[in-house]
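Summary of structural features
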Amino acid sequence: MPIKAMTQEWMDAYKAAIQADPDYKSIAKDWEGSVSLVVNPEPARNVPEPIYLFMDYWHGDVGDFVVCDKEKADSAKFVMTGDYARWKQVAYKELDATKALLQGKLKMKGDLPYVVRNIKTVNKVIDILGKVDTLWPDGNK
Amino acid sequence: MAGGYAGKFLRVNLTEGSWSDFTLGDDILKMFIGGSCLAAKLFLDRYPLDADPLSPENPLMIMTGPMVGSGFPGTSRFSVCARSPQTGIWAESACGGTFGPDLKRAGYDGVVIEGRSNGPVILAIDDSGVSISDASSLWGKDIYEATDELKTRDKSAKVLVIGPAGENLARIAAIGNDKGHFSGRAGLGAVMGSKNLKAVVVRGTSAKAVKADGEGFKLAMKTAMQEIKDSALAEGLHMMGSDANMDLGMVTGDVPVKNWTSGGEFDLASNLSGPTMREKYLTKAHACTNCPIACKRVVKVDDGPFATAEGPGPEYETCAVFGTMLMNPDLTAVIKANELCNRYGMDTISCGSAIALAMELYEKGEITKDRLGGLDLSWGNMDAVLELVRQTAYREGFGDILADGAVHAARRLGGSAMDAVVHVKGLEAPMHDPRGFHGMGLAYMMSNRGACHLQHFVLATEQGMASWPQLFDMKDDYEGTTSVGKAALVYNSENYGILANSLSICHYVAYSIRPETLRDAFNAITGFGFDFADLLSTGMRDWTLKRGFNNLLGITSKDDVLPKRAMTALEEGGAAGSVPDTALLLKEYYALRALDERGFPKAEMLVRLGLDDLKSRLYQ
Ligand code: SF4
């Protein structure tokens, strides 16, 4: 049963998928720190308001995974911002997140060398994101 | 007179010890712009193509473009061009640094150096005149020493210098500008050495090299600065240098390992990466003239066997070729190898690739310790590597075999050597694996100086550093390990990217700004009023001109190939199981470029591009 994207239920499912992944723990063993995703509104795609998602990653474990307010999102070690359509492309693996960042389709606040050093962790969590059975606000492909 | 140009070129004859100025008409400048494109035009029009590259008849050209000296970001560049002693075909090598703007300030758009001096000389150019003076006291000095001495004589001078490798006519010799910037590829340092020209020194004092102060230019400049400020790519380059690619490229299958035989060495990459260099050895970021990105590294290794005084640090290519390619996990040893290559004046890609070949042959038992003068050339033995770097520059011992690059070395060594070299048309491939990125494979096959990542913007478009759908049809994301759709991407990325070397703008800056901004700045400076179609067709002309140059030297479709090693799939890493579909790539590409089955540009394309003279020579 697909879960509505970017809801608390979806965040719980995402967290569970990460925890269940057999490789995640070892790949992410060096990663420290929270990441928030800011989804810019696109009313035409049924995303009328910005959405803030906060995720806490720590040495292969995961902590808080919550839909949150702007203040909490801004407190994360890494804040990534993009239009809803871009995030959906990333989840569908039509757009690599690193490339999106380099091309300015996503923006990031945080330590870029840290992300580069841990690129395998970043790719892994995005890979898992694509596996969550999701119902997107503007419909699935 | 078109805007952006100093208005004259210098022709120097070292045999006669004479010089004179010459000019070119606006029609020529508008068609061929500057840099390496204009150099190719001048070469074809004025010099014999078939002269030995190390003979006095091979001209050495140092050319700027119309944006150089304008103050626009990334426009400090110049191209050094000649027929290559390493490959025998067209050679160009663009360089950043400080030299280009000062040459403009001294009143010249370019310098063409002919002949050969009887003894070592310095060519000095400033806005009061030209002189040729004795360089005996500098001959034998390395690039850092010679640069320091020349700057002691005149601290505001900008210098181009060769080191021992160029003096010894190593066909992989480079030319250094102010220690940290190099025209590295294709052996142009040996051409300079063959002329007994130790250094070119410029000092330009006119306040502004070119008049670029109109409202259009100011707006384009402001826009470019903002775009660079907003660019994550520019930020990454500033923070990590080009070696930011090491971690990312190991994941995607871009980074060659163990002389192109392995992949997926993540720990090795991590030791050698931009973030590691930043954490442990970076003392500051450094910039070419007028560049806000400052991607260049200044590094220092305080202690250990490879302690290195503060100085220019390695770029990604060097970290890969003296790191992953040699199975060396020690970044301090890479920093030392980089310093030695800088001092001796050798291209790091060619030098490291030749040593990687030797290491592989040593492992296979095809080269013995005896032949190496007792050196143990086991993978990762960097003491032996550094000694071999020295021998190569001085053509001593086994270094004499490596001094002309991996292809010449493989010819001399025989056995399995040639199968272990990744090159196209005699130039060793840079450190981007065509099995991970098939478009790069096509670009290697078709680049006019041999396997090259800098005659086009394929690195940026295929790897997703930049996206320009306003310029040509582009997808949001390209999978590296597919050949489908890549011919068009390469063709378009060449037509745009090759302009970097005629406009003389840095690739990284061009990746970080929108094409509209570059176009507007170019038009504001030159007054040419080009639209995107004009720019792209200028790039087509540039590529076709150099292709014709090479055709006249015997290059045909038979030379447009990837070597066996690059067509052998890897078992691990991001490129595992993948090889480019070269038949598909070439078929589609040949159609786009209007190349006939021999690999010659078709007559109608030559006419369309205004290359009628070239047509007459190719179709006589
Ligand atoms: S980005 Fe780097 S190479 Fe390019 S102009 Fe700036 S400092 Fe020079």
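Residues numbered from 1 in each chain as written. Chains lettered and ligands numbered in written order. Predicted model: local features only at pLDDT ≥ 70, side-chain atom pairs only at ≥ 80, totals over all residues. Heavy atoms only, no water.

A closer look at the overall build of chain A
The criterion, for reference: For the purposes of this entry, the term helix denotes a DSSP run of H or I that reaches at least four residues, the term strand denotes a run of E that reaches at least two, and both are numbered from the N terminus. Computation of the radius of gyration draws on C-alpha atoms alone. For the globule rule, the value is 2.2 Å times the number of residues to the power 0.38. The buried label goes to any residue with under 20% of its type's maximum accessible area, the exposed label to any with over 50%, and the partly exposed label to all in between, with areas taken from a 1.4 Å probe on protein chains only. Contact between two residues is taken to exist if any of their heavy atoms lie within 4.5 Å; hydrogens are not considered. The Shrake-Rupley method, run with a 1.4 Å probe sphere, supplies the accessible areas, and residue values consider only the shown protein chains as cover. For the purpose of counting charges, residues Lys and Arg are taken to be positive, whereas Asp and Glu are taken to be negative. His and the chain ends are not included. In this description, the location of a charge corresponds to atom NZ of lysine, CZ of arginine, CG of aspartate or CD of glutamate.
Regarding its fold elements, chain A presents seven helices and seven strands. For 141 residues, the compact-globule estimate of 2.2 N^0.38 gives 14 Å, and the C-alpha radius of gyration of chain A, at 14 Å, lies within 12% of that figure. Principal-axis analysis of the C-alpha atoms places the extent of chain A at approximately 40 × 35 × 30 Å. A burial count over chain A gives 49% of its 141 residues as buried. Pairs at least 24 residues apart make up 69% of the contacts formed inside chain A by residues separated by at least 6 positions. In the form shown here, chain A has an accessible surface area of approximately 6700 Å², with 54% of it arising from carbon and sulfur atoms. When the 20 basic and 21 acidic side-chain charges of chain A are each reduced to a single mean position, those positions are 6 Å apart.

Focus on helix 23 (residues 515–526) of chain B
Stated precisely, the cut-off is as follows: Take the number of residues in a helix, subtract one, and multiply by 1.5 Å to get its expected span.
The first and last C-alpha atoms of helix 23 of chain B sit 16 Å apart over twelve residues, in line with the 16 Å expected at 1.5 Å per residue. Phi turns positive one or two residues past the end of helix 23 of chain B, at B:Gly527, with a value near 75 degrees.

Overview of the sheet that holds strand 1 (residues 9–13) of chain B
Residues and elements named next belong to chain B. Worth spelling out the cut-off: Pairing between two strands requires that DSSP report at least two bridges joining them. Helix axes use the C-alpha atoms of the stretch in contact, all axes being lines fitted to C-alpha atoms, and the angles between their N-to-C directions lie in the range 0 to 180 degrees.
Strands sit in the order 2-1-6-3-4-5 across an open sheet of six strands; the sheet is mixed. In this open sheet, the two strands that pair with only one neighbour each are strand 2 (18–22) and strand 5 (90–95). For this sheet, the mean inter-axis angle between neighbouring strands, taken without regard to orientation, is 15 degrees. Both strand 1 and strand 6 (residues 110–114) contribute to a ladder of five bridges, which runs parallel. Across the sheet, valine 12 pairs through a bridge with isoleucine 113, a residue of strand 6. Relative to the sheet, helix 2 (residues 35–46) contacts strand 1, strand 2, strand 3 (60–63), strand 4 (78–83), strand 5 and strand 6, its axis offset from that of strand 3 by approximately 145 degrees.

Focus on the pairing of strand 4 (residues 61–68) of chain A
Strand residues, when the strand is regular, have side chains that alternate between the two faces of the sheet. Residue and element names in this part refer to chain A. Pairing analysis gives six bridges linking strand 3 (residues 51–58) to strand 4, with the strands arranged antiparallel. Within strand 4, the position partnered with phenylalanine 54 by the bridge is valine 66. The loop that links strand 3 with its antiparallel partner strand 4 comprises two residues; one of these, histidine 59, has a positive phi angle of about 45 degrees.

A short note on the pattern of salt bridges
Residues and elements named next belong to chain B. The condition that has to hold: Note on definitions: salt bridges are taken to be side-chain nitrogens of Lys or Arg within 4 Å of carboxyl oxygens of Asp or Glu.
Applying the stated criterion across every chain yields a total of 53 salt bridges over all chains. The salt bridge involving glutamate 149 is made with arginine 153; its shortest N-O contact spans 2.9 Å. Pair noted here: glutamate 149 and arginine 153 are both in helix 4 (residues 143–153), with a separation of four residues, about one helical turn. On the accessibility criterion, glutamate 149 (24% relative accessible area) is partly exposed. The class for arginine 153 is partly exposed, based on a relative accessible area of 47%.

Description of the sheet that holds strand 2 (residues 32–40) of chain A
To summarise the sheet geometry, strands pair through backbone hydrogen bonds and adopt either a parallel or an antiparallel arrangement. Residue and element names in this part refer to chain A. Sheet architecture is open: five strands sit in the order 4-3-2-5-6, paired in mixed fashion. Only two strands of the sheet have a single partner each, and these edge strands are strand 4 and strand 6 (106–109). If you compare each strand with its neighbour and ignore which way they point, the axes differ by 15 degrees on average. Here four bridges tie strand 5 (residues 78–83) to strand 6, and the two strands are oriented antiparallel to one another. Counterpart to methionine 80 in the pairing with strand 6 is methionine 108.

Points about empty space enclosed by the protein
Residue and element names in this part refer to chain A. To keep things clear, this is the line we draw: A pocket, in this scheme, is an open set of points on a 1 Å grid over the protein atoms alone with protein on both sides within 12 Å along at least 5 of 7 lines, while a cavity is a set where a 1.4 Å probe fits but cannot get out; residues line either one if an atom lies within 4 Å of a point. Grid points are joined across faces, edges and corners, and a volume is the space filled by probe spheres set on the points.
One pass over the structure, following the stated rule, counts four cavities of 30 Å³ or more. The computed volume of the largest cavity comes to approximately 60 Å³. Met6, Trp10, Leu37, Val39, Leu53, Trp87, Leu129 and Trp136 together form the lining of the largest cavity.

A look at the interface of chain B and chain A
Quick note on the threshold: Computed with a 1.4 Å rolling probe, the buried area is the accessible surface lost when two parts are put together, summed over both parts. Polar contact criterion, stated in full: a pair of N or O atoms within 3.5 Å, where within protein one must be able to donate a hydrogen and the other to accept it, and residues adjacent in sequence count only if both atoms are side-chain atoms. Think of it as three bins: nonpolar holds Ala, Val, Leu, Ile, Met, Phe, Trp, Tyr, Cys and Pro, charged holds Asp, Glu, Lys and Arg, and polar takes everything else, Gly as well.
On the chain A side, the residues contacting the 27 residues of chain B number 19 residues. Note on chain B versus chain A: buried area summed over both sides is about 1900 Å², and carbon and sulfur give 56% of it. Sorting the residues of chain B by area buried against chain A places B:Leu248, B:Asp476 and B:Asp477 first, and these three jointly supply 29% of that buried surface. At the surface where chain B touches chain A, the tally comes to four salt bridges. With a closest N to O distance of 3.5 Å, A:Arg117 and B:Glu279 form a salt bridge. Seen at the junction of chain B and chain A, the total is ten residue pairs in polar contact (both at pLDDT 80 or more). The set of elements that each furnish at least two residues to the side of chain B that touches chain A consists of helix 8 (232–240), helix 9 (245–252), helix 10 (266–272) and helix 11 (274–280) of chain B. Ranked by residues supplied to the side of chain B that touches chain A, first place goes to helix 8 of chain B with six residues. Class assignment of the residues belonging to the side of chain B that touches chain A gives a composition of twelve nonpolar, seven polar and eight charged.

Topic: the domain arrangement of chain B
Residues and elements named next belong to chain B. In plain terms, the rule: Where each domain starts and ends comes from a domain assignment, either automatic or drawn from a database.
Once the domains are mapped, chain B shows domain 1 (9–203), domain 2 (239–421) and domain 3 (428–497 + 531–618). Once you take the C-alpha centre of each, domain 1 and domain 2 turn out to be 26 Å apart. Contact with domain 1, which involves 32 residues of that partner, is made by 27 residues of domain 2. Taking both sides of the interface into account, the surface hidden between domain 1 and domain 2 amounts to around 2300 Å²; carbon and sulfur atoms contribute 54%. A per-residue breakdown of the area domain 1 buries against domain 2 is headed by Tyr144, Ile172 and Arg185, which together make up 28% of the total. Inspection of the domain 1/domain 2 interface yields three salt bridges. Arginine 171 is the partner of aspartate 404 in a salt bridge, and the nearest nitrogen-oxygen pair spans 3.7 Å. If you look at where domain 1 meets domain 2, you find 18 residue pairs in polar contact (both at pLDDT 80 or more).

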